[in-house]
Amino acid sequence: MITSISLTGTGGQGIILAGIILAEAAIIEGKQAIQTQSYGPEARGGASKAEVIISDEHIDYPKIVAADILLAMSQEACAKYAGILKKGGKLVVDATNVDTIPQIDADVVSVGITKAARDNLKKDMFANIVALGVLVGSTGIVGRQALVEAVLARVPKGTEEVNTKALEIGFTLGEKK
């Protein structure tokens, strides 16, 4: 089975890192994974997208034609990329930044991801890790332990505890959806 995930938002939200971590979690579980990324020329505030393809088999093509799962961390990203979501796919939106959800045939998970990071961890910068927890908590696309291992391998030394807490917050929010 091949699953295509598109993580979208704006520069500075950690979307690219989230995509790398998700792909690494799949690899830890022994799956095949490919991660690609694109972002606008702006350092912060421009469009940002990471694509992850996870499969039990060889992956022939490294780009997503239609996503099974779409994470939208900003209104602009939601509007711009909602059209790539497969009919009946899963749309996970950060309700903190996304007010309007397009009319699409999708299972919508709307969670205040950035607000949860801000309220619980006192910094928006952990929203990408909370988002990964929500994504895995609501889809089971990779196992929790593999995601924890991948996060701990990628975050700066000294931030392991707060990033683990960010994941736990996300898992809890995702399971409720």
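The structure reproduced in this document is the subject of the present report. Treat the numbers as computed from the prediction; the structure is a model and nothing was measured.

Reading the values: the criteria
Residue positions are counted from 1 within each chain, in the order its sequence is given. pLDDT decides what is reported in this predicted model: residues at 70 or higher carry local features, side-chain atom pairs at 80 or more are listed and counted, and totals for whole chains, interfaces and linings draw on all residues regardless. Neither water nor hydrogens contribute to the side-chain values; these are computed over all heavy atoms in the structure. Numbering of helices and strands starts at the N terminus; helices are DSSP runs of H or I of at least 4 residues and strands are runs of E of at least 2. Radius of gyration means the value over C-alpha atoms here, while the globule rule gives 2.2 Å times the residue count to the 0.38 power. Partly exposed describes any residue whose relative accessible area lies between the buried limit of under 20% and the exposed limit of over 50%, with all areas from a 1.4 Å probe on protein chains only and scaled to the type maximum. Per-residue accessibility takes into account occlusion by the displayed protein chains alone, with areas from the Shrake-Rupley method and a 1.4 Å probe. The positive count covers Lys and Arg only, the negative count covers Asp and Glu only, and His and the chain ends enter neither. Every charge is mapped to an atom, namely NZ of Lys, CZ of Arg, CG of Asp or CD of Glu. All axes are obtained by fitting lines to C-alpha atoms, using only the stretch in contact for helices, and the reported angles, taken between N-to-C directions, cover 0 to 180 degrees. Oblique is the label for any angle not covered by the other classes, which are roughly parallel (under 35 degrees), roughly antiparallel (over 145) and roughly perpendicular (65 to 115). For a crossing to be left-handed, the near helix must be turned anticlockwise from the far one by less than a right angle; the clockwise case is right-handed. The contact criterion used is simple: two residues touch if any of their non-hydrogen atoms lie within 4.5 Å. Throughout this entry, Asp, Glu, Lys and Arg are counted as charged residues, while Ala, Val, Leu, Ile, Met, Phe, Trp, Tyr, Cys and Pro are counted as nonpolar. The remaining residues, Gly among them, count as polar. What we call a nonpolar core is a set of buried Ala, Val, Leu, Ile, Met, Phe, Trp, Tyr and Cys residues that are connected through their side-chain atoms within 4.5 Å. Salt bridges are defined as contacts in which a side-chain nitrogen from Lys or Arg sits within 4 Å of a carboxyl oxygen from Asp or Glu. Throughout, the arc means the angular range of directions from the helix axis out to the C-beta atoms.

Comments concerning the overall build of the chain
Secondary structure assignment for the chain yields six helices and six strands. Its helices and strands taken in sequence order, the chain reads β-α-β-β-β-α-β-β-α-α-α-α from the N to the C terminus. Against the globule reference of 16 Å for 177 residues, the chain gives a C-alpha radius of gyration of 15 Å, in line with a compact fold. Taken over the C-alpha atoms alone, the chain extends approximately 40 × 35 × 35 Å along its principal axes. Per-residue burial for the chain yields a buried fraction of 49% across its 177 residues. Here the chain has roughly 8,200 Å² of accessible surface; of this, 51% comes from carbon and sulfur atoms. With 18 positive and 20 negative side-chain charges, the chain shows a separation of 5 Å between the mean positions of the two kinds.

Comments concerning the packing of helix 1 (residues 15-28) against helix 4 (residues 127-139)
Remark: helix 1 packs on helix 4, axes separated minimally by 9 Å, with the N-to-C direction vectors making an angle of 40°. Taken together, the axis directions place helix 1 and helix 4 in an arrangement best described as oblique. With respect to the hand of their crossing, helix 1 and helix 4 are arranged in right-handed fashion. Across the interface between the two elements, Leu17, Ala18, Ile21 and Leu22 of helix 1 pack against Asn128, Ile129, Leu132 and Leu135 of helix 4. Across the contact of helix 1 with helix 4, the residue classes break down as seven nonpolar, one polar and no charged.

Remarks on the nonpolar core
Taken as a class, soluble globular proteins show a tendency for nonpolar side chains to be buried jointly. The biggest cluster of nonpolar side chains holds 45 residues, and the ones touching the most others in it are Leu7, Leu22 and Leu147. When residues no more than four places from it in sequence are discounted, the contact partners of Leu7 are Ile15, Ala18, Gly19, Leu22, Ser48, Lys49, Ala50, Val52, Leu71 and Leu132.

Examining the pattern of salt bridges
In this structure the tally under the stated criterion is eight salt bridges. Between Glu29 and Lys31 there is a salt bridge, and its shortest N-O distance comes to 3.3 Å. Between Asp68 and Lys86 there is a salt bridge, and its shortest N-O distance comes to 2.9 Å. Here Asp68, found in strand 4 (residues 67-72), pairs with Lys86, found in strand 5 (residues 85-94); they are 18 residues apart in sequence, far enough to count as distant. Residue Lys86 is classed as partly exposed on the basis of its relative accessible area of 35%.

Details of helix 3 (residues 113-121)
All buried positions along helix 3 are accounted for by Ile113, Thr114, Ala116, Ala117 and Leu121. All buried residues of helix 3 fall inside an arc of 160° around its axis, so they share one side. On its buried face, helix 3 is in contact with strand 4, strand 5, strand 6 (106-111), helix 4 and helix 6 (160-175). Count one or two residues on from helix 3 and you reach Lys122, which has phi positive near 70°.

As for the packing of helix 3 against helix 4
Relative to each other, helix 3 and helix 4 sit at 120°, their axes nearing to 8 Å. The interaxial crossing formed by helix 3 with helix 4 has right-handed handedness. The residues of helix 4 that touch helix 3, namely those facing Ile113, Thr114, Ala116, Ala117 and Leu121, are Ala127, Val130, Ala131 and Val134. Here the residues of the contact of helix 3 with helix 4 sort into eight nonpolar, one polar and no charged.

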